[in-house]
Amino acid sequence: MVTVSQVAQASEAELLCLTYQIFIDHIEEARNNPEKREYHLTKARETIKVLVNGLNFKDEIAHTIFNIYVYVQKLMLKEESWDEACKIMAHLQETYRMAGESIPKQQQTLQNSQQIYAGGTYGTSGLTEVIMNNDNRGFQA
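What counts, and at which threshold
- Position labels on residues start from 1 in each chain and follow its written sequence.
- A pLDDT threshold of at least 70 governs which residues receive local features in this predicted model, and a stricter bar of 80 or more applies before side-chain atom pairs are shown or counted, although totals over entire chains, interfaces and linings include all residues.
- Where side-chain values are given, they derive from all heavy atoms of the structure, hydrogens and water being excluded.
- The salt bridge definition used is simple: a Lys or Arg side-chain nitrogen within 4 Å of an Asp or Glu carboxyl oxygen.
- Working definition: helices are DSSP H or I runs of at least four residues, strands are E runs of at least two. Numbering for both runs from the N terminus.
- To sort residues, take the accessible area from a 1.4 Å probe on protein chains only and compare it with the maximum for the residue type: under 20% means buried, over 50% means exposed, and anything in between is partly exposed.
- For helices, the axis comes from a line fit to the C-alpha atoms of the stretch in contact; other axes are also lines fit to C-alpha atoms, and the angle between any two N-to-C directions lies between 0 and 180 degrees.
- Orientation categories follow fixed angle ranges, with anything under 35 degrees roughly parallel, anything over 145 roughly antiparallel, 65 to 115 roughly perpendicular, and all other angles oblique.
- Each crossing gets its handedness from the near helix: less than a right angle anticlockwise from the far helix is left-handed, clockwise is right-handed.
- Residue contacts follow a heavy-atom distance rule, with two residues in contact if any of their heavy atoms lie within 4.5 Å.
- Under the scheme applied here, ten amino acids are nonpolar (Ala, Val, Leu, Ile, Met, Phe, Trp, Tyr, Cys and Pro), four are charged (Asp, Glu, Lys and Arg), and all others, including Gly, are polar.
- Helices are assigned an expected span. That span is 1.5 Å times one less than the residue count.
- This arc is taken over the directions from the axis of the helix to the C-beta atoms.
- Here is the rule: rings of Phe, Tyr and Trp (six-membered ring for Trp) pair when centre to centre is within 6.5 Å. Planes less than 30 degrees apart are stacked, more than 60 are edge-to-face, and the remainder are tilted.

Engineer: Explain the pattern of salt bridges to me, and be specific about the residues and the numbers.
Structural biologist: All chains considered together, the criterion is met by six salt bridges. In this structure, the salt-bridge partner of Arg 31 is Asp 83, at a minimum N-O distance of 3.1 Å. On the criterion of sequence distance, the pair formed by Arg 31 in helix α2 (residues 12-32) and Asp 83 in helix α5 (residues 82-102) is long-range, its members being 52 residues apart. For Asp 83, a relative accessible area of 43% translates into the label partly exposed. We note a salt bridge from Glu 46 to Lys 43, for which the minimum N-O separation is 3.4 Å. Here Lys 43 and Glu 46 lie together in helix α3 (residues 37-53), a separation of three residues that amounts to about one turn. Under the relative-accessibility criterion, Glu 46 is labelled partly exposed at 36%. The network of salt bridges with shared partners includes Glu 28, Arg 31 and Asp 83.

Spelled out as C-alpha cells, the structure:
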C-alpha cells in the first residue's frame, strides 16, 4: 500500500516506482477479492494509462516501453496471466529504482508540501501519519 508520506516526499523516479507498485497492488487485490475484481482491474488499467501519459515519445525507448504496457494490458485479460503481468511491472519498477539510485538525490517532486512522518504507533489501527508543526502547506503558484 502506498502512503501519502511516500508520495509527498518522493523524487520523480520514486513516484514512478510507486505507480508501478499501485498497479501490482490492484492486480493482487483483484486476485484476492473476487467481489471487487472489476473495480481493481479498472484501476490497474487506469494506472497503465498514467504510465503511458508519462512517456516522452521523443525518446526511442519510450516506444519500447509503450509496447510493454500494451502487452501487460493483454495479459490482464486472463487471470492465469496476471502473475506474468506483475513480474513484468515489478521488473520495470526495479529497473527504475536502480536508475534512480544511480543519479544524485533529486528534490522531492512536490514543493511547498508538508513534511509527513509515518511510523508505528501503539494504536490498534497500525500506521499513523503525523504532521509536525509545519505551516508549509499547499502549492505555490
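Engineer: Any details on the packing of α2 against α5? Residues and values, ideally.
Structural biologist: Interhelical geometry of α2 versus α5 gives an angle of 165° and a closest axis separation of 9 Å. Here α5 runs roughly antiparallel to α2, going by the angle between their axes. You can see that α2 and α5 cross each other, and the crossing is left-handed. Every residue of α5 that contacts α2 at Ala 13, Leu 16, Cys 17, Tyr 20, Gln 21, Phe 23, Ile 24, Ile 27, Glu 28, Ala 30 and Arg 31 is listed here: Trp 82, Asp 83, Ala 85, Cys 86, Met 89, Ala 90, Leu 92, Gln 93, Tyr 96, Arg 97 and Gly 100. Here the residues of the contact of α2 with α5 sort into 15 nonpolar, three polar and four charged.

Engineer: Describe α5, with residues and values.
Structural biologist: Its 21 residues place the ends of α5 30 Å apart at the C-alpha level, agreeing with the 30 Å of an ideal helix rising 1.5 Å per residue. When we look at burial in α5, the residues that qualify are Trp 82, Ala 85, Cys 86, Met 89, Leu 92 and Gln 93. Within α5, the buried residues cover an arc of 125° as seen down the axis, which keeps them to one side. In α5, the exposed residues that point more than 90 degrees away from the buried face are Lys 87, His 91, Glu 101 and Ser 102.

Engineer: Provide a residue-level description of the packing of aromatic side chains, including the pertinent values.
Structural biologist: Going through the model one piece at a time under the given rule, you end up with three aromatic pairs. The interplanar angle of 20° and the centroid separation of 6.0 Å between the aromatic rings of Tyr 20 and Tyr 96 together place this pair among those described as stacked. Pair noted here: Tyr 20 is in helix α2 and Tyr 96 is in helix α5, with a separation of 76 residues, a long-range link. For Tyr 96, a relative accessible area of 24% translates into the label partly exposed. Look at Phe 57 and Phe 66: their rings are 5.8 Å apart centre to centre, the planes differ by 75°, and that puts the pair in the edge-to-face class. For Phe 57, a relative accessible area of 37% puts it in the partly exposed group. The class for Phe 66 is partly exposed, based on a relative accessible area of 31%. Three or more aromatic residues joined by ring pairs make a cluster, and in this case those are Tyr 20, Tyr 69 and Tyr 96.

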